[in-house]
Amino acid sequence: MKRVLTAVCLVMLCWPLTAPGADHNPPADSVLPELDAHDITRGEFTQTRRLPELSRPLRSSGRFVHDVDHGIIWQVLEPAPSTLVITPRGLYQDGEHHSGANPMTTLRPVFRALFSGDMARLEDHFEVTAGEAGEGWTLELKPRDSSLASALQKIILSGDDYPQQVVIKDGDGGRTELRFAAIEHPDTLDEQSLQAFERAHKTAP
Amino acid sequence: MLTKLRPSLWPGLMALVGLILIVQFGRGAGLQTDLHALLPDGPGDPGVVAARQQLTEPFARTTLWLTGADSPGKAARAARRLAEKLHDSGLFNDIHTDIDSAPVREAWRELLQWQRVLLSPADHRALRDDPERFIRHRLAEQYGLTGSAGVVTLAEDPLGLFQRYLSPMMEGPGAAVIDGMMIIDAGDRRGEEYYFAMLHASVADDAFAVSTNPPLLALWQQAIEWAEAQDVALHVTGAPVFTAYGSASASREITLIGGISLLAIISLLLWRFRSPRPLLLTLTVIGAGLAGGLATSLLVFGQLHLITLVFGATVIGVSVDYAFHYLCDSLRPGWTPQQGLHHVLPGLRLALITSVLAFLSLAIAPFPALRQVAVFTASGLIFSWLTVIWLLPLLTLPASAPAPRLRLPVRRLRWAWICLALLAACLPGLFMLEARDDIHLLYAAPDRLVSDDRLIGELLQRTEGSYFLLVSATDEETLLQRQEALLPGLEALVNEGRLQGYRAPAEVIPSQQRQAENATLTSELVTSGRLREYMTQLGLGETHARAHETVMSAPPQWLTPDAALRHVDPRYRQLWLGCEEQTCRALVTVRGMAPAAESALQTLAGEHPGVQWVNYVGDISQGMREHRRLSLVMLSLALIVATAVLAFLLGPRQALRVISVPVLAILVSLAVVGYSGALFSVFNLMALLLIVGVGIDYALFYHCADREGRRSAALAVTMAAATTVLAFGLLAFSQTPVISAFGITLVPGLVAAWLLALLARPPEHPGTGANAG
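Residues numbered from 1 in each chain as written. Chains lettered and ligands numbered in written order. Predicted model: local features only at pLDDT ≥ 70, side-chain atom pairs only at ≥ 80, totals over all residues.

Asks: Summarise the overall build of chain A; cite the residues concerned and give the values.
Replies: Scanning chain A from terminus to terminus reveals five helices and eleven strands. The 205 residues of chain A split such that 38% are buried. Across chain A, contacts joining residues at least 24 apart in sequence account for 43% of those joining residues at least 6 apart. (Helix = DSSP H or I, 4+ residues; strand = E, 2+ residues; numbered from the N terminus. Buried ≥ 20, exposed ≤ 12 C-beta atoms within 10 Å, placed from the backbone. Contact = placed C-beta atoms within 7 Å.)

Rendered as structure tokens:
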């Protein structure tokens with residue numbers, strides 16, 4: 001009993017030191033929507049990229065795959081084909097590896113939250129606040145990585161029962177909108193995607 | 001001359017020693033503890049030495065502390081608490097927890113003024129070979145998921161050429177800065193979400209101050225316990241921690257080994273002579289040896305390594321041989337000092353000559369510390385020997401009790417049979433010897449530190465500091481061109497998966513020639529209209545497009561290496577050694593080398609002029625291998641020389657008998673090492689040299705004694721062997737692999753030398769009986 005009391009006292013003593021500080025938003029759980037969790041997600045997307053220097057937006061479409069362990073395959077089909085693979089080890093643009101800090105790597109926890117229901121993890125990487133939305137929900141994510149500040153201003157997620165849209169606001173005024181459609185959740189990864197992840201993994205340092 | 005009793009000789013000698021020590025310590029001579037001083041003199045190439053120094057120096061004072069947890073916030077909080085602890089310890093003068101990327105980005109932005117001539121090596125190739133295709137890819141990328149890295153805008157760099165030129169400088173572990181802490185995502189290595197927060201802490205003074213004052217180790221231990229209590233992982237590395245650990249364990253060992261050895265000697269003497277006088281005399285002999293060895297070494301080298309003292313402690317074991325030989329002789333009935341000296345001098349003289357020769361042969365090793373050991377022990381022995389000759393006869397009193405008999409049950413065996421039986425028993429062991437020539441065996445590092453270091457190296461994608469390509473040329477331009485010629489070969493190795501990466505200054509500092517080619521390529525983009533077409537397709541505004549065309553076709557400004565070095569990432573700056581005496585040098589480092597890659601890199605270096613592949617650790621290991629072989633030859637040579645000397649003095653039959661003692665003792669040592677699978681390297685051979693010296697001592701003392709003196713000689717040999725085995729036996733428990741191997745090799749050899757010395761007695765004359773053995 002004495003030992004238990006001592007332990008309790010020790011925990012109490014340590015509490016203020018180990019408890020989450022101001023860097024966590026305690027009520028965040030309440031603003032996070034409850035979404036279905038899936039290990040694998042496939043779908044189509046349309047992407048609109050607007051930059052202040054460009055007279056018209058860059059519109060493209062294609063399909064994507066999200067795997068909770070491997071990462072994201074972002075395959076543009078129109079108007080010009082290209083493939084970006086985002087894995088825990090970095091970015092692979094058409095087979096070329098780019099390591100180091102890059103704003104796009106933060107899309108991995110975002111996709112995990114949206115498609116695998118891992119909402120709590122978002123807070124490891126972003127300050128999450130609930131935005132205004134007529135129907136459904138909106139979340140504003142501000143990156144906690146201050147080294148990204150000049151490159152990535154914020155990410156805005158919105159949806160209803162399903163995630164619908166991701167808006168990425170660059171540091172220099174660029175804005176990329178991703179809209180999802182035809183989302184499905186296969187049980188296993190198709191051969192082509194698996195190979196794409198494996199190739200990316202092999203190129204990794 | 002030596003045998004005359006002159007009271008003034010010894011005090012005079014020791015006064016000289018004292019004077020040398022006072023002068024040396026007065027001018028600041030000291031003990032060296034840095035284990036790096038144990039490395040051989042190196043390949044001798046000034047370029048290699050400078051390169052190695054440039055690669056390792058920035059890390060000599062830095063320690064890295066990583067706290068790991070399943071969320072970045074938890075890892076960062078732990079790191080912040082740890083930073084406070086490190087700060088409170090007062091050991092560090094600089095602790096930083098984040099990277100301020102703003103100045104780095106600013107420096108990169110300034111390079112933009114040269115953008116027309118700066119292309120990444122890959123883009124240079126692509127634009128030269130197929131510009132259409134290159135532009136198509138860049139356009140496709142703009143339609144994909146791509147963000148700016150925040151250094152330049154799309155209007156400044158529409159094709160992303162400058163961004164792609166910068167990208168090798170941005171390569172890295174991708175550390176985020178969360179809550180003011182550097183955070184590394186290690187999830188992919190663990191198969192689950194995992195993050196490390198990282199602290200850099202530089203020790204306040206050089207490694208020497210930290211290691212002689214070991215609170216760093218205590219702090220490390222405390223931090224480990226603290227991290228366990230907090231349920232966070234902790235990984236630490238850095239040269240100061242390794243040095244502190246190595247020095248602390250060496251200091252502990254010398255205290256223990258020296259202390260217990262002394263205790264053993266003291267107990268033996270008190271037990272045998274039942275008087276404190278011989279004890280004090282023996283301690284004087286040891287003390288004179290240590291002081292004389294120290295003075296001579298300081299005179300020769302200016303400073304002494306701690307390891308020298310650890311091995312030098314063995315002098316204690318050997319120098320008592322002389323004292324015991326003289327003191328045991330005093331147990332003979334009717335003994336007088338002058339007569340005693342006359343009895344033991346022939347044996348002592350031969351023993352000193354052979355031992356000093358054996359110890360001095362250590363000096364052929366390319367390891368500075370071993371040279372110090374050679375000089376320290378050889379000179380120490382001479383001083384001890386002189387003390388026995390000059391001082392002991394003046395102070396030794398005749399004993400009251402006779403020397404006891406030693407009975408050996410095997411004494412009637414024929415010598416030849418013993419030799420044959422031992423040979424047969426040892427031979428299989430010799431074939432089981434497995435040599436390991438690895439410099440890392442010199443370091444006593446706990447597994448935890450070694451595995452932490454490996455993990456941190458992988459996380460930070462650290463390039464290797466001990467192997468690299470050294471590129472030399474007579475001027476900077478040629479130096480850059482030579483590196484550029486290397487790059488395609490290195491790229492091929494990366495694509496084959498034989499290398500994970502490389503880093504060469506020429507990646508970010510193009511040669512003048514390459515800059516001119518780049519300028520042509522970028523002008524062609526403008527004149528061919530390809531750039532304009534791309535910018536139109538992208539929808540870049542007319543003002544921006546025209547401005548960019550102007551930039552890319554303006555008369556080029558050339559980027560000089562000096563200007564480039566001011567702007568590029570420090571990881572590249574570090575690889576530039578600069579020019580000295582008409583030789584300019586730079587390094588190309590590699591990372592993640594597959595086993596077969598080394599020969600490919602060697603071949604690559606061979607194909608390009610001015611390029612040299614350096615494997616620093618490999619060279620040292622190679623050196624150790626060569627010296628292991630050389631030492632074997634030297635050992636045989638020493639034995640042949642000793643046999644020749646002995647044959648001249650004692651006759652061939654007796655010489656063979658005496659020399660067979662150390663030879664068999666060496667075989668026993670090697671066989672035990674072979675059977676037990678203990679470490680076998682050049683350092684074991686150094687131990688064998690010691691066995692040769694001591695084995696000859698034992699055999700000679702016993703052999704040279706007349707019939708009357710054998711009893712006391714046997715006692716002297718036994719006592720010497722007992723104390724020496726105790727002293728060396730403790731070396732076997734050392735945590736430093738080479739010192740431990742030294743002990744494991746010595747003990748069986750010493751025991752064998754002792755037994756064999758007593759068995760190898762010369763043929764008895766009729767009537768002398770077997771009472772001496």
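Asks: An account of the overall build of chain B is requested, with residue identities and associated values reported.
Replies: In terms of helices and strands, chain B carries 31 helices and 13 strands. Counting across all 773 residues of chain B, residues that qualify as buried make up 49%. For chain B, the share of sequence-separated contacts (at least 6 apart) that also reach a separation of at least 24 residues comes to 81%.

Asks: Give me the lowdown on the interface of chain B and chain A, citing residues and values where you can.
Replies: Listed as interface residues are 43 residues of chain B and, on the opposing side, 46 residues of chain A. Those elements that place two or more of their residues in the side of chain B that touches chain A are helix H3 (72–89), helix H6 (131–142), helix H7 (161–170), strand E4 (176–178) and helix H8 (187–190) of chain B. If you tally residues by element for the side of chain B that touches chain A, the top one is H6(B), at five residues. Partitioned by chemical class, the residues of the side of chain B that touches chain A number 14 nonpolar, 22 polar and seven charged. (Nonpolar A, V, L, I, M, F, W, Y, C, P; charged D, E, K, R; others polar.)

Asks: Account for the packing of helix H18 (residues 415–431) of chain B against helix H28 (residues 652–676) of chain B, naming residues and giving values.
Replies: Residues and elements named next belong to chain B. The geometry of H18 relative to H28 is characterised by a closest axis approach of 8 Å and an angle of 30 degrees between their N-to-C directions. By the angle between their axes, H18 is roughly parallel relative to H28. Considering only the axes of H18 and H28, their crossing is left-handed. Side by side, H18 and H28 meet where Trp415, Cys419, Leu422, Leu423, Cys426, Gly429 and Leu430 of the first sit next to Arg657, Ser660, Leu664, Leu667, Val668, Leu670, Ala671, Val672, Gly674 and Tyr675 of the second. Here the residues of the contact of H18 with H28 sort into 13 nonpolar, three polar and one charged. (Axes fitted to C-alpha atoms, helices over the stretch in contact; angles between N-to-C directions. Parallel < 35°, antiparallel > 145°, perpendicular 65-115°, else oblique. Left-handed = near helix turned anticlockwise from the far one by under 90°.)

Asks: How would you summarise the packing of helix H30 (residues 710–731) of chain B against helix H31 (residues 737–759) of chain B if you had to cite specific residues and measurements?
Replies: Residue and element names in this part refer to chain B. Closest axis-to-axis distance for the H30/H31 pair is 8 Å, and the angle between their directions is 165 degrees. As judged from the angle between their axes, H30 and H31 are roughly antiparallel. For the pair H30 and H31, the crossing hand works out as left-handed. Residues Ala714, Val717, Thr718, Ala721, Thr724, Val725, Phe728, Gly729, Leu730 and Leu731 of H30 lie in contact with H31, whose contacting residues are Ile739, Ser740, Phe742, Gly743, Leu746, Val747, Leu750, Val751, Trp754, Ala757 and Leu758.

Asks: Residue-level account of the domain arrangement of chain B, with values.
Replies: By domain assignment, chain B separates into domain 1 (62–99 + 175–237), domain 2 (101–168 + 461–616) and domain 3 (244–442 + 620–759). Using only C-alpha atoms to locate each centre, domain 1 of chain B and domain 2 of chain B end up separated by 34 Å. (Domains from an automatic or database assignment.)

Asks: Could you give an account of the nonpolar core, with specific residues and numbers?
Replies: Residues and elements named next belong to chain B. If you look at the biggest cluster of nonpolar residues, it comprises 122 residues, and the most contacted ones within it are Ile691, Tyr698, Val717, Ala753 and Ala757. It is helix H29 (residues 682–704) that contributes the most residues to this core, 18 residues altogether. In contact with Tyr698, not counting residues within four places along its chain, are Val661, Val717, Ala721, Ala753, Trp754 and Ala757. With 65 residues, the next largest nonpolar core counts Val151, Phe468, Leu470 and Trp613 among its residues. (Core = buried A, V, L, I, M, F, W, Y, C linked by C-beta atoms within 7 Å.)

Asks: Any chance you could break down the sheet that holds strand E1 (residues 40–50) of chain A for me, citing the residues and the numbers?
Replies: All names here are of chain A. With respect to topology, eleven strands assemble into an open sheet ordered E6-E5-E4-E3-E2-E1-E11-E10-E9-E8-E7, the strand pairing being antiparallel. At either end of the open sheet lies a strand with only one pairing partner, and these are strand E6 (96–98) and strand E7 (126–130). Pairs of neighbouring strands in the sheet enclose a mean axial angle of 20 degrees, with direction left out of account. Each of E1, strand E2 (58–67), strand E3 (71–78), strand E4 (82–87), strand E9 (152–159) and strand E10 (163–170) is contacted by helix H3 (residues 107–116), which is oriented at about 95 degrees to E3, the strand it contacts most. (Pairing = 2+ DSSP bridges.)

Asks: Requested: an account of the pairing of strand E12 (residues 583–591) of chain B, with residues and values cited.
Replies: Residue and element names in this part refer to chain B. Extensive coverage of E12 is indicated by the burial of seven of its nine residues. Pairing analysis gives three bridges linking strand E10 (residues 501–503) to E12, with the strands arranged antiparallel. The residue bridging Arg503 from the neighbouring strand is Thr589, located in E12. As judged from the four bridges shared by strand E11 (residues 576–580) and E12, these two strands associate in the antiparallel manner. Within the sheet, the bridge partner assigned to Glu580 lies in E12 and is Thr583. Counting the residues in the hairpin turn of E11 and E12 gives two residues, including Glu581, whose phi is positive at 45 degrees.

Asks: Quick rundown of the environment of Arg63(A)? Include the residues and the values.
Replies: All names here are of chain A. Along the polypeptide, Arg63 turns up in strand E2. Residue Arg63 is classed as partly exposed on the basis of its C-beta count, with 16 C-beta atoms lying within 10 Å. The residues contacting Arg63, other than those within four sequence positions of it, are Arg42, Gly43, Glu44, Phe45 and Gln75.

Asks: Tell me what's going on with the confidence of the model for chain A, and back it up with residues and numbers.
Replies: Here chain A averages 77 in pLDDT, and 80% of its residues register 70 or above. Between residues 1–29 of chain A, whose pLDDT stays under 50, and residues either more than four places distant or in other chains, the model counts twelve contacts. (pLDDT = per-residue confidence, 0-100.)

Asks: Please give an account of H28(B) that cites residues and values.
Replies: All names here are of chain B. Here H28 contains 25 residues, and its C-alpha end-to-end distance of 36 Å stays within 8% of the 36 Å for a straight helix at 1.5 Å per residue. When the local axis directions of H28 are compared, the greatest deviation, roughly 30 degrees, occurs at Ser660, which is followed within four positions by the proline Pro662. Trailing H28 by a residue or two, Gly677 shows a phi angle of about 70 degrees, which is positive. (Expected span 1.5 Å × (residues − 1). Bend = angle between axes of the 7 residues up to and from the residue.)

Asks: Report on the environment of Gly117(A), specifying residues and quantitative values.
Replies: All names here are of chain A. Within the fold, Gly117 resides in the loop between H3 and helix H4 (122–125). Separated by 78 residues in sequence, Gly117 and Asp39 place their C-alpha atoms 9.4 Å apart. When neighbours within four sequence positions are excluded, Gly117 is seen to be in contact with Leu35, Asp36 and Ala37.

Asks: Can you explain H3(B)? Please cite residues and give values.
Replies: Residues and elements named next belong to chain B. Here H3 contains 18 residues, and its C-alpha end-to-end distance of 26 Å stays within 8% of the 26 Å for a straight helix at 1.5 Å per residue. For H3, the complete set of buried residues consists of Pro72, Gly73, Lys74, Ala75, Ala76, Arg77, Ala78, Ala79, Leu82 and Ala83. Just beyond H3, the residue with positive phi is Gly90, at close to 75 degrees.

Asks: An account of the environment of Ser681(B) is needed here, citing residue identities and associated values.
Replies: Residue and element names in this part refer to chain B. Mapped onto the elements of the fold, Ser681 is located in the loop between H28 and H29. The class of Ser681 is buried, set by 24 C-beta atoms lying within 10 Å. Once the C-alpha coordinates of Ser681 and Ile257 are considered, the two residues, 424 residues apart in sequence, prove to be 22 Å apart.

Asks: Can you break down the confidence of the model for chain B residue by residue, with the values?
Replies: Residues and elements named next belong to chain B. On average, chain B scores 81 in pLDDT, and the residues at 70 or more come to 87%. Confidence over residues 765–773 falls short of pLDDT 50; this stretch has twelve contacts with residues more than four positions distant or in other chains. For this predicted complex, the interface score ipTM comes out at 0.81, alongside a pTM of 0.73.

Asks: How would you sum up unusual backbone geometry? Please name residues and give values.
Replies: Backbone torsion omega between Glu78(A) and Pro79(A) reads 0 degrees, so that peptide bond is classified as cis. The topology assignment puts Pro79(A) in the loop between E3 and E4. Here the phi dihedral of Ala182(A) falls at roughly 50 degrees; this positive angle occurs in a residue that is not glycine. Looking at the element boundaries, Ala182(A) is found in strand E11 (residues 175–184). At Asp231(B), a position not held by glycine, the phi torsion is positive, near 60 degrees. In this fold, Asp231(B) is placed in the loop between helix H10 (215–230) and strand E7 (233–237). For Asp231(B), a count of 11 C-beta atoms within 10 Å corresponds to the exposed category.

Asks: For the pairing of strand E5 (residues 90–93) of chain A, give the residues involved together with the corresponding values.
Replies: All names here are of chain A. One ladder, built from four bridges, connects E4 with E5; its direction is antiparallel. When the bridges of E5 are listed, Ile86 appears paired with Leu91. Counted between consecutive antiparallel strands, the loop separating E4 from E5 contains two residues. When E5 meets E6, the two strands line up antiparallel, connected through three bridges. What sits directly across from Leu91, in E6, is His98.

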